Amino acid sequence: MRLLRLVLLVCGAALVLWLLATIGPGAVIQAFADLSWRLLIILVFPFGLTTLLDTLGWRHAFRRDAVPFRGLLAARLAGEAFNLTTPTASMGGEALKAWLVRPWAPLAEGLPSVIVAKTTITLGQALFVVVGLVAAHAALPSLSLVVRGMEWLLVVQVLAVGGFVVVQAGGALRGGTRWLYKLGWLSDRHVESVGQVNDELARFYRREPRRLALSILFHFLAWLIGALEPWLILRWIGLPVSLAEATAIEAFSSGIRFAAFLVPGYLGALEAGHVAIFTALGLGAPAGLSFTLIRRVREAVWTGLGLLALAPLRAQAPPATRKP
């Protein structure tokens, strides 16, 4: 897996360099110049608001409000930074989040919460893709390859997440764990730990429909508000677009992240995908590449904040968990 992700990273970097050489760096430099001081606004809004909403979505993935919001926010920032900067296929950061909230919630609660949050954020994304499809139909011809791709992506997401929810709610993880134990791949301690996580997941889905609905709602609102970012960026670099077009761009971008989760930082996948959809919308390939690189700057700033938040959270961890 590490070798595969390394190959994907190298290929992604090569693709970005090829796009930059083909399109020309002048267009990108001009876009940053047009954005000027407004880049400072993009660094904070709307991504800061979406981060707060996503943290609320995670908070409601617990069966009780045991972790203070500030701790959840810092752990989320650190976990997302870990996902973007390490070869863990967007999963290592989720385990890190559960570990970082140990001072307030044991792993038997933290791990199920990140699994539920990962599920509800994907469900919220699927709802947002539906909104994006409506917007795309208004902005693009119905036979566009972009629209067709979004439709197939929505089908895959619904099937994948629906099956995952059924597995969690039905307690199927425990049955799978028993088979792994019989094969000798898990010890008694591992079976007990996975069993606790399985039971916590099943209890959440069966007993907490309100918290589940709120978690999906907050994540959906975060996706929805995220559409303001392309709307603002493109207007400020001299390409005024409608909210429908901005929503279609953001929905397609979220789909690329879903499909390219193995690629570190989605490098190359986002750049090429944005070039494709911007070309389909008649905005031009240079705008697509410039938009992606502007987002990369904002992403780098928030990743730095996440890594800075990691140190104090580690210091708060109980001695028994800090040592491993």
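Worth saying up front: this structure is predicted, and the values here are computed from it rather than measured.

Calculation criteria
- Residues numbered from 1 in each chain as written.
- Predicted model: local features only at pLDDT ≥ 70, side-chain atom pairs only at ≥ 80, totals over all residues.
- Heavy atoms only, no water.
- 1 Å grid on protein atoms, 1.4 Å probe; cavity = no way out; pocket = protein on both sides within 12 Å on 5 of 7 lines; lining within 4 Å.
- Points joined across faces, edges and corners; volume = space filled by probe spheres on them.
- Helix = DSSP H or I, 4+ residues; strand = E, 2+ residues; numbered from the N terminus.
- Nonpolar A, V, L, I, M, F, W, Y, C, P; charged D, E, K, R; others polar.

**Student:** Outline the layout of surface pockets, supporting the account with residue identities and numerical values.
**Tutor:** Counted as a void, the largest pocket has a volume near 1400 Å³. Forming the boundary of the largest pocket are 50 residues, of which Glu80, Lys118, Ile121, Trp223 and Tyr266 lie nearest the centre. Considering each element in turn, the lining of the largest pocket owes the most residues, 9 residues, to helix α7 (residues 107-139). Among the residues making up the lining of the largest pocket, the classes are represented as 25 nonpolar, 12 polar and 13 charged.

**Student:** Lay out empty space enclosed by the protein in plain terms, naming residues and giving numbers.
**Tutor:** Evaluated as defined, the whole model comprises 2 cavities of 30 Å³ or more. Of the volumes computed, that of the largest cavity is approximately 60 Å³. Lining the largest cavity are Arg257, Leu270, His274, Thr292, Arg295, Arg296, Arg298 and Glu299. Mapped by element, the contributors of at least two residues to the lining of the largest cavity are α14 (269-280) and α15 (285-316). By residue number, the principal contributor to the lining of the largest cavity is α15, which donates 5 residues. The residue makeup of the lining of the largest cavity, split by class, is 1 nonpolar, 2 polar and 5 charged. Of the voids in this model, the second largest cavity is the one considered here, and its volume is about 40 Å³. Lining the second largest cavity are Ala61, Phe62, Arg63, Glu109, Pro112, Ser113, Val116, Glu200, Leu201 and Phe204. At the level of secondary structure, the elements contributing two or more residues to the lining of the second largest cavity comprise α7 and α10 (188-207). If one sorts the elements of the lining of the second largest cavity by residue count, α7 sits on top with 4 residues.

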